[in-house]
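Take a look at the letters that make up each chain.
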Amino acid sequence: MTVELLSITPDAEEIIEHAGRVCYLSDGHDPEIITRWIKSGHESVIEHAVASFHISGISRACSHQLVRHRLASYSQQSQRYVSEDQFEYVIPDSIKHSNYCKAIYEDAMSLIQTAYKALVEVGIKKEDARFVLPNACTTEIVMTANFREWRTILKLRLDKHAQWEIRSMCGEIARILIDKAPHVFSDLKELIFN
Ligand SMILES: Cc1cc2nc3c(=O)[nH]c(=O)nc-3n(C[C@H](O)[C@H](O)[C@H](O)COP(=O)(O)OP(=O)(O)OC[C@H]3O[C@@H](n4cnc5c(N)ncnc54)[C@H](O)[C@@H]3O)c2cc1C
């Protein structure tokens, strides 16, 4: 899995602080105030900053969980237009750690690959052949959200109830956002598990 920051609002914390101070007609400069606004529930101010990430090598199972977040924007690799005849796949650690389970898993992937290719070879369109593809298939996606939505996503998906793959991906995103906008995201540090 790779997580690359494509773009982030320049001087994000300054814009957020500026916007928040307009609400109260207050002067001065102290980014700590952003953390206090977030704690008090005045979160709309952090919507003025956005970040875009290019995420690759996650499973379609993971991307399906990700795209449930409705206030973000997405562009995902298409299985209608891009051939999957050499598809790569994610192997969960629980399966990877057992030779027996890994062999079953790899056999299944190989069978699916053969079936997909055979269907395409006899003229079935990629958009229909893809119906045999597994959740394990890797994908890539560009995702843009404002900071308020990133906080919502990260809180839900870094939580121990979320699945390991999306937790791990969100850990990467959280590290980057904490570095770029510490007064907005630092409280999420304790949720990062790896
Ligand atoms: C541990 C875990 C297990 C899950 N299991 C399942 C499952 O078994 N089945 C399943 O279907 N889903 C499951 N989900 C997905 C979950 O139900 C949400 O769809 C997903 O987390 C997106 O969250 P959201 O709707 O809060 O946020 P977003 O879509 O990111 O929206 C952000 C926020 O905007 C507000 N908002 C957005 N749209 C609306 C709206 N239409 N009305 C009112 N407020 C809105 C809400 O405050 C929301 O929190 C699971 C999620 C987690 C984290």
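As a reminder, the structure under discussion sits directly above these lines.
Residues numbered from 1 in each chain as written. Predicted model: local features only at pLDDT ≥ 70, side-chain atom pairs only at ≥ 80, totals over all residues. Heavy atoms only, no water.

Asks: Would you explain the site of the ligand in this entry?
Replies: Around the ligand, the structure places R68, H69, R70, L71, E149, T152, L156, R157 and H161. Within the side chain of R70, one N or O atom sits 2.5 Å away from an oxygen atom of the ligand. A distance of 2.4 Å separates an oxygen atom of the ligand from a polar side-chain atom of E149. When the ligand is considered free in solution it has 930 Å² of accessible area, and contact with the protein chains removes 45% of it. (Near = heavy atom within 4 Å. Polar contact = N/O pair within 3.5 Å; in protein donor to acceptor, adjacent residues only side chain to side chain. Areas by Shrake-Rupley, 256 points an atom, 1.4 Å probe, with all protein chains shown as cover.)

Asks: How do you make sense of the sheet that holds strand β4 (residues 138-146) when you look at a structure like this?
Replies: What links the strands of a sheet is backbone hydrogen bonding, and the strands pair in either a parallel or an antiparallel sense. Pairing is antiparallel across the open sheet formed by four strands, whose spatial order is β1-β2-β4-β3. Each edge of the sheet is formed by a strand with only one pairing partner; in this case those strands are β1 (2-8) and β3 (73-76). Strand-to-strand twist of the sheet, defined as the mean angle between neighbouring strand axes without regard to direction, takes the value 20°. Packing of helix α7 (residues 147-158) onto the sheet brings it into contact with β1, β2 (50-59) and β4, and relative to β4 it is tilted by some 130°. Packed on one face of the sheet, helix α8 (residues 164-180) meets β1 and β2 and runs near 150° to β2. (Pairing = 2+ DSSP bridges. Helix = DSSP H or I, 4+ residues; strand = E, 2+ residues; numbered from the N terminus. Axes fitted to C-alpha atoms, helices over the stretch in contact; angles between N-to-C directions. Contact = heavy atoms within 4.5 Å.)

Asks: Sorry if this is basic, but what is going on with the pattern of salt bridges here?
Replies: A side chain of one charge can pair with a side chain of the opposite charge if their charged atoms are brought near each other. Enumeration according to the criterion identifies eight salt bridges in this entry. Taken together, the salt bridges that share partners define one network made up of E43, R151 and D187. (Salt bridge = Lys/Arg side-chain N within 4 Å of Asp/Glu carboxyl O.)

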